[in-house]
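# Results of the structural survey
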Amino acid sequence: MGKTRSAGARGKAPGAPAGARGCRARPSANPFEVKVNRQKFQVLGRKTRHDVGLPGVSRARALQKRTQTLLKEYKERDKSNVFRDKRFGEYNSSISPEEKMMKRFALEQQRQHQKKSIYNLNEDEELTHYGQSLADIEKHNDIVDSDSDAEDRGVLSAELTAAHFGGGGGPLHKKTSQQHGEEGQQPKSRKELIEELIAKSRQEKRERQAQREDALELTEKLDQDWKEIQTLLAHKTPKSESRGGKEKPKPDAYDMMVRELGFEMKAPPSNRMKTEEELAREERERLKCLEAERLRRMLGKEEDEHIKRPKHTSADDLSDGFVLDKDDRRLLSYKDGKMNVEEEPSGEARSSESEGEEGKGSSEGDPDESDGPDGPSGLESDVESKDGRERTQEEQRPNPGARSTADDREAARAELPYTFAAPESYEELKSLLSGRSMEEQLLVVERIQKCNHPSLAVGNKAKLEKLFGFLLEYVGDLATSDPPDLGGINKLVVQLYNLCQMFPEAASSAVKFVLRDAMHDMEGMVETTGRAAFPGLDVLIYLKIAGMLFPTSDFWHPVVTPALLCLSQLLTKCPIQSLQDVVKGLFVCCMFLDYVSLSQRFIPELINFLVGILYIATPNKQSQGYTLVHPFRALGKNSELLLVSDEEATATWHRRSLPLQWAGGLKAQTETETNHTRLSCLAVCLALVQRCVTAYGALPSFHDIVQPLRALLMEHLSARSCPPELQELSRSILTEMEKQPKHCRPLVCEKSKPVPLKLFTPRLVKVLEFGKKQGCTKEEQERKRLIHKHKREFKGAVREIRKDNQFLARMQLSEIMERDAERKRKVKQLFNSLATQEGEWKALKRRKCKK
């Protein structure tokens, strides 16, 4: 290995004195190695750092600082040799030494109690059981003796112990020697001594038995005396009198309720709730069983003979008509207080509808079936009448099993099937529902849903999604029929709602398709004729169903938002040509208010339409407080469509709601009926105005919005041609308008400043700083300065962290290299020692061979 100079000799000349080798001399600065940071130009107020410096000086300082701090922490990372003085109050001069000692003693006792004596009882108290210490009982010194139950049971005398276990040198030998010395007689033999001990132990046992009997007699006597004394103590004064006559407070309602709840019987645990899939599967199986039973009855087949049904046997039955090959007895049962002579063949429970139909058919075929031999009247006769009367009654009753098979077949054919396949087209659904009552149609749709539940098969979801579109189309057909079946539509909406909850995406797509088709037709009519007519009743029903199936309070909804646009288009683009159009427009207004009842949105189309309806019902149109908008006109053919001039019709009119069937078409009416219809439309319009006043009364510009309505209502009151009910309604509306507070002034456009003329005077801009930050305000410059400072500090922190990681990596690498070098040195040393031993062994072996 090459020789290297020590650290202390670095930077010294070879001929330096020895005394100067201990201290390190600073190397002289080479002018060619000095780094100078020159600037292109001087900037006032800017501080320059590290203008002149030697290369590597800052790096050496950083390395020295990391060695003193980071390396020290790295070497002490796994050490815990720090002593901390945790004595209480050691460095608190405000506490006296006596208080410190007392507190330290208390803390020490508390610590010992928490750690060691947490489950121990107090050692100062001695616990006893029946007068004996528990510590002595736990030693188990007493031995159980089965011959005696006295207190000293289990104790053997010393003589008996010595006789049986002591051999010849125990207490028995000593006692015999003493007796022989005292009496001078001949010693007794071992047999005699044992017999004497046995007799003595029996005598002691008899004495203990006598003592026990005496104790029992005394105990019985004491109990008898106590009973005599207890009879004297029974007539003591009650506690209420002894306490000075204080009455016990009566419990209030809360206490009584708490006691009742405490004595209330707890509900028994019930079976778990079944999932939707399990319920659908059970319902489908039930319908399948009922359909199979209906088909069996329709074809006239008998029940399966292998199915064994339970038979009822009366207690008074003598089995007179016993026949081996035929058993015509049937089970007697009751349901809802009524007799059910024959049970259903299937184990599944039947629906109430099928039971009702079967009961009706059986009553028609056999009116006296309820009075059969096993009926309630038969049971009463068994108790109240004699056997002869009972036999005559049984002979007079007809046999209930003799019903006609043809009647069963006809009833089964007329009965509604229990299982249906999902229709693949609208024609199939219409064929299933046509010719049936509305209740049967609802039952068919319900059974289609149950038999084709999505959890039962993979393709059922697509089938039920198609069913929603088919039902929607069927509702449109019901609305366009003459007359429209609004009751059936109202019942079918429930089925549509259930399907919409199951498949919201498919339902929204179907409703949007219907609305898009209606709007497309209206736009085509506007392009061809220049105006559009109100759509049919089916489109209005679709708009109403859309508001019932989907939430109308959302800010934006894929179905409700297009429906709102469709309603606004109807009120703005469809002119009023007849009373039927008025009815349709008022129905659209009602739907509009229902749509925005929760969101409280303002609908200007609604206000404009109501203003137009009031305008065509006003006799004197001279006021200028309002302006009509499209589709209404101030002058024209239909400008007085709702005007009523017949006083007789006005006097005979009574307020009623407008039937929705009128939207589908008005039948031929007399002049009086037509006037009544006009007044009814005006009453509905006033009711809608009242709802608008209530809904929009909180708007800031409410008074400006209702100004046209107020002017028209004042003209209605001044004309006095309306019925008293409508005049009273108009007054109440005006009163409610006046009660609404005025929130702010009407909106006025702000006065803009006059635009000055262009001048050629130069604009002076204050330059705060040159360079990249030119043209910023003082706050913006401060913000940019802070951002720049933060970025610089962040980069510096990242750089220092990276250098620290590199330093630690170098230290770890040096440790690994040192360990490897030490291991290599030890391995080399071992190999050298082994080679030396091997050489010595070989040399010794050669010497032996030479000898």
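Residues numbered from 1 in each chain as written. Predicted model: local features only at pLDDT ≥ 70, side-chain atom pairs only at ≥ 80, totals over all residues. Heavy atoms only, no water.

With an unreviewed UniProt entry as reference, the protein is termed Nucleolar protein 14, source organism Lipotes vexillifer. Regarding the protein, the relevant UniProt record gives this comment under Subcellular location (unreviewed entry): "Nucleus, Nucleolus". (UniProt positions renumbered as here; feature names shortened; annotations may be inferred.)

### Section: the side chain of Ser-680
Topologically, Ser-680 is positioned in helix α26 (residues 671–695). According to the relative accessible area criterion, Ser-680 is buried, its value standing at 1%. The residues contacting Ser-680, other than those within four sequence positions of it, are Trp-653, Arg-656 and Leu-658. (Helix = DSSP H or I, 4+ residues; strand = E, 2+ residues; numbered from the N terminus. Buried < 20%, exposed > 50% of the residue type's maximum accessible area, 1.4 Å probe, protein only. Contact = heavy atoms within 4.5 Å.)

### Points about the pattern of salt bridges
Applying the stated rule across the entire model yields 20 salt bridges. Between Asp-804 and Arg-66 there is a salt bridge, with its nearest N and O atoms 2.5 Å apart. With a gap of 738 residues between them, Asp-804 in helix α30 (residues 778–850) and Arg-66 in helix α1 (residues 57–68) connect regions that are remote in the sequence. For Asp-804, a relative accessible area of 24% gives the class partly exposed. In this structure, Glu-780 and Arg-783 form a salt bridge, with 3.4 Å as the shortest nitrogen-oxygen distance. In this pair, Glu-780 and Arg-783 are both assigned in helix α30, three residues apart and thus about one turn of the helix distant. Accessibility expressed as a relative area gives 30% for Glu-780, which makes it partly exposed. Judged by relative accessible area, which is 48%, Arg-783 ranks as partly exposed. Connected through salt bridges with shared partners, the residues Asp-85, Arg-87, Glu-90 and Arg-104 form a single ionic network. (Salt bridge = Lys/Arg side-chain N within 4 Å of Asp/Glu carboxyl O.)

### So, a negative patch on the surface
A surface patch of negative charge is lined by Glu-213, Asp-214, Glu-217, Glu-220, Asp-223, Asp-225 and Glu-228. Looking at where Asp-214 falls in the secondary structure, it is placed in helix α7 (residues 190–233). Owing to a relative accessible area of 43%, Asp-214 belongs among the partly exposed residues under this scheme. (Patch = residues over 30% accessible without salt bridge, like charges linked within 9 Å, V, L, I, M, F, W, Y side chains within 5 Å. Areas by Shrake-Rupley, 256 points an atom, 1.4 Å probe, with all protein chains shown as cover. Lys, Arg positive; Asp, Glu negative; His and termini not counted. Charge placed at Lys NZ, Arg CZ, Asp CG, Glu CD.)

### Points about the side chain of Thr-650
Here Thr-650 is to be found in helix α24 (residues 647–652). Classification of Thr-650 as buried rests on a relative accessible area of 12%. There is a polar contact of 2.9 Å between the side chain of Thr-650 and the backbone oxygen of Asp-646. (Polar contact = N/O pair within 3.5 Å; in protein donor to acceptor, adjacent residues only side chain to side chain.)

### Section: α30
With 73 residues, α30 should cover 108 Å at 1.5 Å per step; its first-to-last C-alpha distance of 107 Å lies within 8% of that length. For α30, the set of buried residues is Gln-781, Gly-796, Phe-807, Leu-808 and Ala-843. (Expected span 1.5 Å × (residues − 1).)

### Here's the deal with the environment of Leu-486
Looking at where Leu-486 falls in the secondary structure, it is placed in helix α18 (residues 486–502). Along the backbone, Leu-486 and Ile-541 are 55 residues apart, and their C-alpha atoms lie at a distance of 9.4 Å. Residues contacting Leu-486, with those up to four places away along its chain left out, are Leu-537, Ile-541, Leu-660 and Gln-661.

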